[in-house]
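# Report on the structure
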Amino acid sequence: MSVLPRHLLPDNAAVADDGWLTIGGCSVRDLAAEFGTPLFVYDEEHLRARCREAVEAFGHGNAYYASKAFLCKAMARLAYDEGMKLDVATGGELHIAISAGVPAPACALHGNNKSVAELRMAIEHRVGHIVVDSFDELDRIDALMAEEVGPTPKVLLRITPGVEAHTHEFISTGQDDSKFGFNLANGDALRAVERARRSSSVELVGLHCHIGSNVFVASSFGKAAEVMANFAAPFDLPELVLGGGLGVPYVEGEEAPTLTQWGNVLRDACDALGVRSRVGVEPGRSIVAVAAITVYTLGTIKPIPGVRTYYSVDGGMSDNPRPVLYGSGYESFLPRAPFADRTAEGRLVGKHCESGDVLLREARLPADAAVGDLVATPVTGAYGRSMGSNYNQITRPPVVFVRDGDARLVIRRETFDDLLATDVGH
Ligand SMILES: *Cc1c(COP(=O)(O)O)cnc(C)c1O
């Protein structure tokens, strides 16, 4: 038997009397009929529950939602309303957070190459923290403060602790060979602390690290906490932010620690090390990934005897580039029979003009999957819509939040005119 594991679906997923999957009390069949496909469906209660869990695990004011995982005004607002602050990494992300009504002091600005304009925006809006990444950035802040663009910013310094995250190379960020942060091993971190403490253009309030993303090994977080706590101890700063990176299960057989368990590991580690600072974290994926599914329509089925069957859907690498970028695995199922035995094997592909446009290399579907069926992939709430593109001039899919039988459109489907919105040529 090959049945979709239940824990890959959002909390409020169920099967209706007619056999169809419902999320938040809404039938996926009705959602697809109303909003079309491809479609991102987010379980709003699931999102809220994960935000509350993070706030509970780390304390009010210490949990930042890493907005790059999935950002729109509704999501920014939801995270803030549930007690989280926001981690933004560009002027664009900060703009969306502010447009959603999130106060800038509840935002922290990250980035290894923040522009002068982004730093100016952050200082003028009085963001809560700027997480400074380099000596060049300290120079840029000095220059801005000489122009008196705003009040002295509170800053954290991003430290590269030299800890391996045991995840994909592209999303591993804490090792010495990294574009991010001040290296601890070569003395840059210490030089940065000394400079920031002396500087009158920044107020140093703490240190930061982020070892990588989709990390399952709880001990990697404990190790980073230990390295950071030891380094930070002599400075007695009020804050220590240990980043995000908690993994989520994507496929059968994967299990990840919960936010609560992650909180316990970090708290135990920090208690054992005598950390007196507030300890903050920045979860992204673990808040939003499992909350959503992507719904596609199956358009073309091409069996090649002795080779494989290709199942083509109406989206692809433009709504989920993770399989292409990282070789990430996903599961697939039919929303009309979500827990049916999946006896047919094939490759689930998109509609883009290249062979690399693969969603699932080894997809399993019920044997009666047919042209016109809805096909869904679970755990697409993080780094799908947010990393998506308009490749092939595909119009990006809409996003609906579902809750208690209501569906709320939070991002509409792009139109062909949207594709021309920035095209000023003749
Ligand atoms: C990406 C990122 C996060 C969030 O990572 P997740 O794996 O989504 O939890 C947190 N902090 C920083 C600095 C990041 O770059």
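Residues numbered from 1 in each chain as written. Predicted model: local features only at pLDDT ≥ 70, side-chain atom pairs only at ≥ 80, totals over all residues. Heavy atoms only, no water.

Condition: UniProt positions are given in the numbering used here, feature names are shortened, and annotations may be inferred rather than shown by experiment.
For the chain, an unreviewed UniProt entry supplies the name Diaminopimelate decarboxylase and the organism Ilumatobacter fluminis. Turning to the chain, the UniProt record has this under Function (unreviewed entry): "Specifically catalyzes the decarboxylation of meso-diaminopimelate (meso-DAP) to L-lysine." Taken verbatim from the UniProt record of the chain, the Subunit (unreviewed entry) comment is "Homodimer."

### Topic: the site of the ligand
Put simply, the rule is: We call a residue near a molecule or strand as soon as one heavy atom of that residue lies within 4 Å of the molecule or strand. Polar contacts, as used here, are pairs of N or O atoms within 3.5 Å; protein pairs need one atom able to donate a hydrogen and one able to accept it. Residues neighboring in sequence count only if both atoms are side-chain atoms. Residue exposure ignores everything except the shown protein chains as possible cover, and the areas themselves are Shrake-Rupley values with a 1.4 Å probe. Under the grouping applied here, Gly and all other residues not named as nonpolar or charged are polar, the nonpolar ones being Ala, Val, Leu, Ile, Met, Phe, Trp, Tyr, Cys and Pro and the charged ones Asp, Glu, Lys and Arg.
Taken together, 16 residues sit near the ligand, with Lys68, Ser213, Glu282, Arg285 and Tyr383 positioned nearest. One of the side-chain N or O atoms of glutamate 282 is found 2.7 Å from a nitrogen atom in the ligand. Here tyrosine 383 contributes a side-chain N or O atom positioned 2.6 Å from an oxygen atom of the ligand. For the ligand, whose unbound accessible area comes to 390 Å², protein coverage reaches 93%. Here the shell around the ligand is composed, by residue class, of 3 nonpolar, 8 polar and 5 charged.

### Re the sheet that holds strand S2 (residues 21–23)
The following threshold applies: Two strands make a pair as long as DSSP finds a minimum of two bridges between them. Numbering of helices and strands runs from the N terminus, with a helix taken as a DSSP run of H or I at least four residues long and a strand as a DSSP run of E at least two residues long.
Taken in spatial order, the 3 strands line up as S1-S2-S3 in an open sheet, and their pairing is antiparallel. Of all the strands in the sheet, the pair left with one neighbour each is strand S1 (13–15) and strand S3 (26–27). Pairing analysis gives 3 bridges linking S1 to S2, with the strands arranged antiparallel. In the strand pairing of S2, alanine 14 is matched with threonine 22.

### Structural notes on the environment of glycine 350
Using the following cut-off: Residue contacts are defined here by distance: any two heavy atoms, one from each residue, within 4.5 Å place the two residues in contact.
Note on placement: glycine 350 falls in the loop between strand S16 (344–349) and strand S17 (358–365). Between the C-alpha atoms of glycine 350 and serine 312, which are 38 residues apart in sequence, the distance is 5.4 Å. Ignoring sequence-local partners within four residues, the contact set of glycine 350 consists of Ser312, Val313, Gly315, Gly316 and Asp357.

### Considering the pairing of strand S4 (residues 39–43)
Rules: Categorising residues by exposure relies on relative accessible area from a 1.4 Å probe, with only protein chains included: less than 20% of the type maximum marks a residue as buried, more than 50% marks it as exposed, and the intermediate range marks it as partly exposed.
Of all the 5 residues making up S4, 5 are buried; the element is thus mostly covered by neighbouring parts of the structure. What you see with S4 is no split at all: Leu39, Val41 and Asp43 on one side and Phe40 and Tyr42 on the other are buried throughout. Relative to strand S14 (residues 292–304), S4 runs antiparallel, the two sharing 4 bridges. Across the sheet, residue phenylalanine 40 finds its bridge partner in S14, namely threonine 294. Sheet analysis places S4 next to strand S19 (residues 399–403), joined by 4 bridges and oriented parallel. Along S19, the bridge assignment pairs tyrosine 42 with phenylalanine 401.

### Looking at the UniProt feature "active site" (unreviewed entry) in the chain
The residues that UniProt annotates with the feature "active site" (unreviewed entry) are Cys353. Tracing the backbone shows cysteine 353 in the loop between S16 and S17. Judged by relative accessible area, cysteine 353 falls into the exposed class, the value being 62%. When neighbours within four sequence positions are excluded, cysteine 353 is seen to be in contact with Tyr391 and Asn392.

### Quick look at the packing of helix H8 (residues 218–232) against helix H9 (residues 259–272)
Definition in use: Helix axes are fitted only over the stretch in contact, all axes being lines through C-alpha atoms; the angle between N-to-C directions runs from 0 to 180 degrees. Any angle that is under 35 degrees is reported as roughly parallel, and any over 145 degrees as roughly antiparallel; angles of 65 to 115 degrees are reported as roughly perpendicular and all others as oblique. Here a crossing is called left-handed whenever its near helix is offset anticlockwise from the far helix by less than a right angle, and right-handed whenever the offset is clockwise.
Here H8 crosses H9 at 30 degrees, and the two axes come no closer than 9 Å. With respect to each other, H8 and H9 are oriented roughly parallel. Between H8 and H9 lies a crossing whose hand is right-handed. Listed contacts from H9 to Ala218, Phe221, Gly222 and Ala225 of H8 are Trp262, Val265, Leu266 and Ala269. Here the residues of the contact of H8 with H9 are counted per class, giving 7 nonpolar, 1 polar and no charged.

### Notes on unusual backbone geometry
The general pattern is negative phi for most residues beyond glycine and trans for most peptide bonds. That bond from threonine 37 to proline 38 is cis: its omega, -5 degrees, falls within 30 degrees of zero. Structurally, the position occupied by proline 38 is in the loop between helix H1 (28–35) and S4. Of note in the backbone geometry, glutamate 148 takes a positive phi value of approximately 55 degrees without being a glycine. Topologically, glutamate 148 is positioned in the loop between helix H6 (135–146) and strand S9 (154–160). Accessibility expressed as a relative area gives 68% for glutamate 148, which makes it exposed.

### Side note on the domain arrangement of the chain
The condition that has to hold: Boundary definitions for the domains trace back to an automatic or database domain assignment. Buried area: the accessible surface (1.4 Å probe) lost by two parts on joining, summed over both. Only one rule defines a salt bridge in this text: a Lys or Arg side-chain nitrogen within 4 Å of an Asp or Glu carboxyl oxygen.
Looking at the chain, the domain boundaries give domain 1 (6–42 + 290–419) and domain 2 (44–288). Of note, the centres of domain 1 and domain 2, computed from C-alpha atoms alone, are 31 Å apart. Across the domain 1 to domain 2 interface the summed buried area is about 2,600 Å²; carbon plus sulfur atoms make up 58%. Put simply, domain 1 and domain 2 have 6 salt bridges between them. We note a salt bridge from aspartate 11 to arginine 50, for which the minimum N-O separation is 2.9 Å. There are 14 residue pairs in polar contact (both at pLDDT 80 or more) connecting domain 1 and domain 2.

### What to know about the UniProt feature "modified residue: N6-(pyridoxal phosphate)lysine" (unreviewed entry) in the chain
According to UniProt, the "modified residue: N6-(pyridoxal phosphate)lysine" (unreviewed entry) feature falls on Lys68. In this structure, lysine 68 sits in the loop between strand S5 (64–66) and helix H3 (73–81). Setting aside residues up to four positions removed in sequence, lysine 68 forms contacts with Glu93, Tyr383 and Ser386.

### Description of the confidence of the model for the chain
Inclusion rule: Scored between 0 and 100, pLDDT is the confidence that the predictor attaches to each residue.
Averaged over all residues, the pLDDT of the chain is 96; the fraction at 70 or higher stands at 98%. Across the chain, S4 holds the top mean pLDDT of 99, while H8 sits lowest at 89.

### Some points on the state of the cysteines
Every disulfide links exactly two cysteines, by a covalent bond between their sulfur atoms. For clarity, the threshold we go by: Only a pair of cysteine sulfur atoms within 2.5 Å qualifies as a disulfide here.
Applying the stated criterion to the full structure yields 0 disulfides. Of the cysteine sulfurs around cysteine 51, a residue in no disulfide, the closest is that of cysteine 72, at 12 Å. Of the cysteine sulfurs around cysteine 270, a residue in no disulfide, the closest is that of cysteine 209, at 9.8 Å. Of the residues examined, cysteine 270 reaches a relative accessible area of 4% and is grouped as buried.

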